[in-house]
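Now for the letters of each chain:
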Amino acid sequence: MGSSERQLSAVEGIKLRSDYLRGTLLRSLADTATGALAEDDTQLSKFHGFYQQDDRDHREERRKQKLEPDHQFMIRARVPGGICTPFQWLAMDDIARRWANGTIRLTTRQAFQLHGVIKRNLKSTIRGINDSLLDTIAACGDVNRNVM
Amino acid sequence: MFEALKANNSPFTELQIQQLQTGLGGLDAVQSAWLSGFIAGRLTGQSAVLPLPEAVAGAAQGPDRKGKTLHVFFASQTGNGEEIARELGKEAERAGLAVEVQSLSALRPPVLKKLEHAAFVISTHGEGDPPDDALDLFEYLASPRAARLEQLRFRVLALGDRSYSQFCAAGRKLENLLLAQGAGTFAERIECDIDFQPAATAWTTEVVRYGQQNLAPEESPTPASPLSVASHLSVVPQVARWNRARPFAATVERVQKITGLESPKDVYHVELSLQGSGLEYHPGDALGVWAPNPHGLVDEVLNDLHVDAGEEITLADGHHTAHELLTRHRELTRLSADTIRDYALVAKNADLLSHFEEMDEADRRGFLEQRQFVDLVQEFPARQGAHLGLEDVARILRPLAPRSYSIASSPASVAEEVHLTVATLFSNAIGTPRRGVASDFLNHRLQAGDEVGVFVEPNRRFRLPADRKIPLIFIGAGTGIAPYRAFQQQLEAQKEAVGESPATWLIFGNPHLRTDFLYQREWLDWRQRGLVARIDGAFSRDQAEKRYVQHVVREQAERIGRWLDKEARIYICGSLAMGHAVEQALCDVLAQRRGWSAEQAAAGLSELRRQGRLLKDLY
């Protein structure tokens with residue numbers, strides 16, 4: 001393995017050590033002191049369908065205010081075959097208004113994409129998506145995607 | 001005998017004092033006298049082993065032997081009480097009296113039983129609560145085991161604030177408790193409002209006069225006697241060049257808002273330079289800040305009262321124009337019950353008087369907190385035939401008082417600076433938004449380069465332990481985080497200097513995590529570097545059910561129990577209401593973990609407080 005492992009990216013190391021992509025996500029989500037995940041967890045979260053981002057427009061202002069960056073998450077729901085029912089559409093619409101920034105993006109890979117979800121709302125958002133019989137598993141990260 | 005040692009009345013550091021107190025506290029008077037002779041002998045190169053001098057042997061029975069010592073006791077959270085007590089000590093010594101000045105916490109039952117002449121300075125906090133230093137004595141005096149005190153003659157000076165309904169209640173209670181045990185007052189109790197200085201000076205003079213008439217001046221003692229050592233310790237003047245009456249003009253270096261966009265709170269981080277002042281403070285202390293009333297508000301009040309801004313008046317403290325008087329010398333933003341009553345009488349506004357008198361305690365408090373004088377004048381204007389002149393205004397309004405802020409920095413980290421965490425105080429009684437005088441001054445009127453009058457208010461009841469290994473739990477809400485930032489800065493500096501710092505745990509509450517975790521980046525950085533073991537946020541409005549720090553305390557019962565097993569100290573800082581809720585939660589934790597009844601848990605909590613393991617800074 002020696003020489004080939006050296007060429008692997010850092011993310012592969014995180015994945016290897018992650019106990020099958022669990023990492024410390026539970027602890028990160030329960031941490032009430034920050035809106036962010038632990039650094040390694042930001043890589044692992046992608047496999048569960050969410051991406052950590054922050055509002056760049058307020059970075060400098062918040063630095064002066066001694067506040068951490070305004071962390072928010074993008075959540076993606078993969079839609080098998082690109083087909084969603086009216087019920088699922090309404091559910092996504094409701095979730096987007098309630099937990100995200102009120103917008104829905106449809107991607108070229110036929111996924112729903114929500115933005116501006118804060119950490120403590122991740123659980124409700126993903127649960128809502130699951131309840132509509134869509135899911136976020138393997139919607140980001142180095143996994144296969146829908147092909148158009 | 002080492003209780004009287006303080007960092008500000010001796011050449012020792014806090015740490016050395018603690019070591020002296022632990023190492024030598026158990027010595028009896030003869031042993032102490034021998035030791036004192038031993039050390040003196042070493043210093044002058046004499047033989048180390050000295051025979052007991054006669055004066056010392058005689059003094060072994062203590063200064064109370066002839067009942068000639070005037071004992072002065074103080075108990076106050078802010079240090080004002082101590083200042084008054086030490087001033088009295090100085091004056092009494094100047095008058096040739098034997099005097100001893102001590103914290104009221106040193107007045108244990110055996111001392112009390114022999115006490116003959118005493119003066120007490122005691123403040124009142126919150127809703128009539130006595131300061132921590134008085135709690136043990138109050139408990140003892142109210143208990144069936146309290147001794148009779150017929151031999152005691154005393155006088156009380158009570159410090160208070162007339163904007164609270166239970167004005168000077170602790171002073172009154174102390175007097176009643178002592179009277180109930182047969183003690184007698186040698187003169188009437190004095191109750192002081194926030195402008196305590198004139199009354200305190202008069203009281204001091206009178207107590208010294210009582211001492212001169214009733215306590216024979218002591219014969220000149222030999223310098224080596226413990227008696228003279230004790231009185232020496234009690235009256236060495238504080239190094240403080242700057243105080244309430246003579247504040248230092250600190251330069252503003254930075255005023256930075258630290259609550260995020262859309263936050264319901266308006267909190268600022270204020271950095272002041274103390275360069276050249278020699279002002280010293282410890283993490284846990286407060287900073288007194290003098291803030292003038294804003295010109296706009298002064299003009300509005302003068303206009304409402306039809307008083308000319310340029311009209312002049314001569315008062316005991318000098319000659320002022322009306323504008324100057326209201327800007328720098330009178331309280332406009334904090335109302336008191338007396339101001340309301342006096343204003344109603346002069347303004348001939350019977351409605352206001354009956355309205356106010358008919359309220360219950362809680363409504364009256366709300367009425368006072370939600371209103372400024374200008375609101376009162378506009379809501380209840382002077383009636384036909386009432387004449388309200390500048391003299392009335394000067395009399396009705398209380399003198400302007402400084403505001404205290406828990407210091408948010410450690411000198412070990414910021415050198416000659418002092419940092420404050422200031423939340424703007426808002427009220428709106430009649431549809432016009434108003435701001436508190438000092439929070440508005442610091443957050444919205446001052447700019448870098450401006451000057452502000454400040455002085456240190458020591459708070460020895462809220463300090464880091466000398467033992468570097470004791471784990472610390474910091475519980476606070478809102479600006480209550482300020483002293484914890486000071487503590488943590490100190491611990492960080494200590495870690496760099498000596499390589500060790502205790503485990504600390506912050507439990508912090510405010511409305512929203514996103515905008516209101518004050519100094520969040522610094523706390524996360526400390527946690528990242530292992531200087532803070534744990535942080536729990538209680539962000540009340542981030543979920544449907546309100547969540548406060550006391551909820552975290554209950555949820556974390558087991559962990560808190562484990563920390564307490566490791567001798568942890570618990571600090572609580574923030575509003576009185578939060579403090580009560582946290583103490584109740586801690587009682588529940590103790591009851592649950594130890595299988596105690598509610599009464600046992602309350603007693604357990606009192607025991608923690610007595611041991612100095614539960615420390616509070618509530619306002």
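Residues numbered from 1 in each chain as written. Chains lettered and ligands numbered in written order. Predicted model: local features only at pLDDT ≥ 70, side-chain atom pairs only at ≥ 80, totals over all residues. Heavy atoms only, no water.

Asker: Explain the overall build of chain B to me, please; I cannot follow it from the model alone.
Answerer: For chain B, the count of helices and strands is 25 helices and 21 strands. Looking at chain B residue by residue over its 619 residues, the buried ones come to 53%. Considering only intrachain contacts with a sequence separation of at least 6, the fraction spanning at least 24 residues in chain B is 76%. (Helix = DSSP H or I, 4+ residues; strand = E, 2+ residues; numbered from the N terminus. Buried < 20%, exposed > 50% of the residue type's maximum accessible area, 1.4 Å probe, protein only. Contact = heavy atoms within 4.5 Å.)

Asker: Help me out: how do you make sense of the packing of aromatic side chains in this one?
Answerer: Working definition: an aromatic ring pair is given by the centre-to-centre distance plus the angle between the planes. Residues and elements named next belong to chain A. Counting across every chain of the model gives 22 aromatic pairs over all chains. Taking the centre distance of 6.0 Å and the plane angle of 70 degrees together, the rings of phenylalanine 50 and phenylalanine 73 count as edge-to-face. Of this pair, phenylalanine 50 sits in strand S1 (residues 50-54) while phenylalanine 73 sits in strand S2 (residues 71-78), placing them 23 residues apart in sequence. Both residues of the pair, phenylalanine 50 and phenylalanine 73, belong to the buried class. (Phe/Tyr/Trp six-rings, centres within 6.5 Å; stacked < 30°, edge-to-face > 60°.)

Asker: I tried to follow the nonpolar core on my own but got confused; where do I start?
Answerer: Across soluble globular proteins, nonpolar side chains show a tendency to be buried alongside one another. Within the largest apolar cluster, 34 residues are counted, with the highest numbers of intra-cluster contacts made by Leu305, Leu326, Tyr343, Phe373 and Leu376 of chain B. Of all the elements in the fold, those that place two or more residues in this core are helix H10 (295-305), helix H11 (322-329), helix H12 (337-346), helix H13 (350-357), helix H14 (361-369), helix H15 (373-379) and helix H16 (390-396) of chain B. (Core = buried A, V, L, I, M, F, W, Y, C linked by side-chain atoms within 4.5 Å.)

Asker: What should I look at first to understand the environment of leucine 302 of chain B in this one?
Answerer: All names here are of chain B. Along the chain, leucine 302 turns up in helix H10. As a C-alpha pair, leucine 302 and histidine 323 span 21 residues in sequence and 7.8 Å in three-dimensional space. Excluding residues within four positions of it along the chain, leucine 302 makes contact with Val307, Ala309, Ala322, His323 and Leu326.

Asker: Quick question: what am I supposed to make of the interface of chain B and chain A here?
Answerer: A common way to express how large an interface is: the accessible area buried when the components associate. Contact residues are listed per partner, giving 25 residues for chain B and 18 residues for chain A. With both sides pooled, the region where chain B packs onto chain A buries about 1800 Å², and carbon together with sulfur makes up 46% of that total. When the buried surface of chain B facing chain A is broken down by residue, Arg514, Gln520 and Arg521 of chain B rank first, second and third, together holding 34% of it. Between the two partners, chain B and chain A, sit 4 salt bridges. Across the pair arginine 527 of chain B and aspartate 31 of chain A runs a salt bridge, and its minimum N-O distance is 2.7 Å. Summed over the shared surface of chain B and chain A, the number is 11 residue pairs in polar contact (both at pLDDT 80 or more). At the level of elements, strand S7 (248-257), helix H20 (513-516), helix H21 (520-528) and strand S19 (534-539) of chain B are the ones that each hand at least two residues to the side of chain B that touches chain A. (Buried area = accessible area lost by both parts, 1.4 Å probe. Salt bridge = Lys/Arg side-chain N within 4 Å of Asp/Glu carboxyl O. Polar contact = N/O pair within 3.5 Å; in protein donor to acceptor, adjacent residues only side chain to side chain.)

Asker: So what exactly am I meant to see when it comes to the packing of helix H6 (residues 86-98) of chain A against helix H7 (residues 122-131) of chain A here?
Answerer: Packed helix pairs are characterised by how far apart their axes lie and by the angle those axes make with each other. All names here are of chain A. Running from amino to carboxyl end, H6 crosses H7 at an angle of 170 degrees, the nearest separation of the two axes being 9 Å. Compared by their axis directions, H6 and H7 come out roughly antiparallel. From H6, Phe87, Met92 and Ile95 reach across to H7, where they touch Thr125, Gly128, Ile129 and Asp131. The class makeup of the residues in the contact of H6 with H7 is 4 nonpolar, 2 polar and 1 charged. (Axes fitted to C-alpha atoms, helices over the stretch in contact; angles between N-to-C directions. Parallel < 35°, antiparallel > 145°, perpendicular 65-115°, else oblique. Nonpolar A, V, L, I, M, F, W, Y, C, P; charged D, E, K, R; others polar.)

Asker: Looking at this structure, I do not really get the sheet that holds S19 of chain B. What am I missing?
Answerer: Residues and elements named next belong to chain B. With parallel pairing, 5 strands are arranged side by side in an open sheet as S19-S18-S17-S20-S21. Each of the sheet's edge strands pairs with one partner strand only, and the pair in question is S19 and strand S21 (614-618). Going across the sheet, the axis of each strand differs from the next one's by a mean of 10 degrees, ignoring polarity. Here 5 bridges tie strand S17 (residues 472-477) to strand S20 (residues 569-574), and the two strands are oriented parallel to one another. Bridging across to S20, phenylalanine 474 finds its partner in tyrosine 571. (Pairing = 2+ DSSP bridges.)

Asker: Explain the side chain of asparagine 510 of chain B to me, please; I cannot follow it from the model alone.
Answerer: Residue and element names in this part refer to chain B. Along the chain, the position of asparagine 510 falls in strand S18 (residues 504-510). Among the polar contacts made by the side chain of asparagine 510, one reaches the side chain of lysine 265 at a distance of 3.2 Å. A polar contact of 2.8 Å, which involves the side chain of asparagine 510, links it to the backbone oxygen of aspartate 516.

Asker: Can you help me understand the sheet that holds strand S8 (residues 267-273) of chain B in this one?
Answerer: Either a parallel or an antiparallel arrangement is found when strands of a sheet pair, and the pairing is made through backbone hydrogen bonds. Residues and elements named next belong to chain B. Strand order in the open sheet formed by 6 strands is S12-S9-S16-S7-S8-S13, with antiparallel pairing between adjacent strands. In this open sheet, the two strands that pair with only one neighbour each are strand S12 (403-406) and strand S13 (417-423). This sheet shows a mean twist of 40 degrees between the axes of neighbouring strands, independent of strand direction. Two strands pair when backbone bridges link them, and S8 and S13 are joined in this way by 7 bridges, in the antiparallel orientation. Counterpart to valine 270 in the pairing with S13 is leucine 420.

Asker: Which parts of the structure should I look at to understand the pattern of salt bridges?
Answerer: Pairs may arise between side chains of opposite charge once their charged atoms sit close together. All names here are of chain B. Here the structure, examined in full by the defined rule, presents 55 salt bridges over all chains. The residue aspartate 133 makes a salt bridge to arginine 461 at a minimum N-O spacing of 2.1 Å. Here aspartate 133, found in helix H6 (residues 132-141), pairs with arginine 461, found in the loop between strand S16 (451-457) and S17; they are 328 residues apart in sequence, far enough to count as distant. Ionic pairing is found between arginine 485 and glutamate 522, a salt bridge with its closest N-O pair at 2.7 Å. Taken together, the residues span a long stretch of sequence, with arginine 485 in helix H19 (residues 482-498) and glutamate 522 in helix H21 at a distance of 37 residues. Comparing arginine 485 with glutamate 522 shows no difference in burial state: the two are buried.

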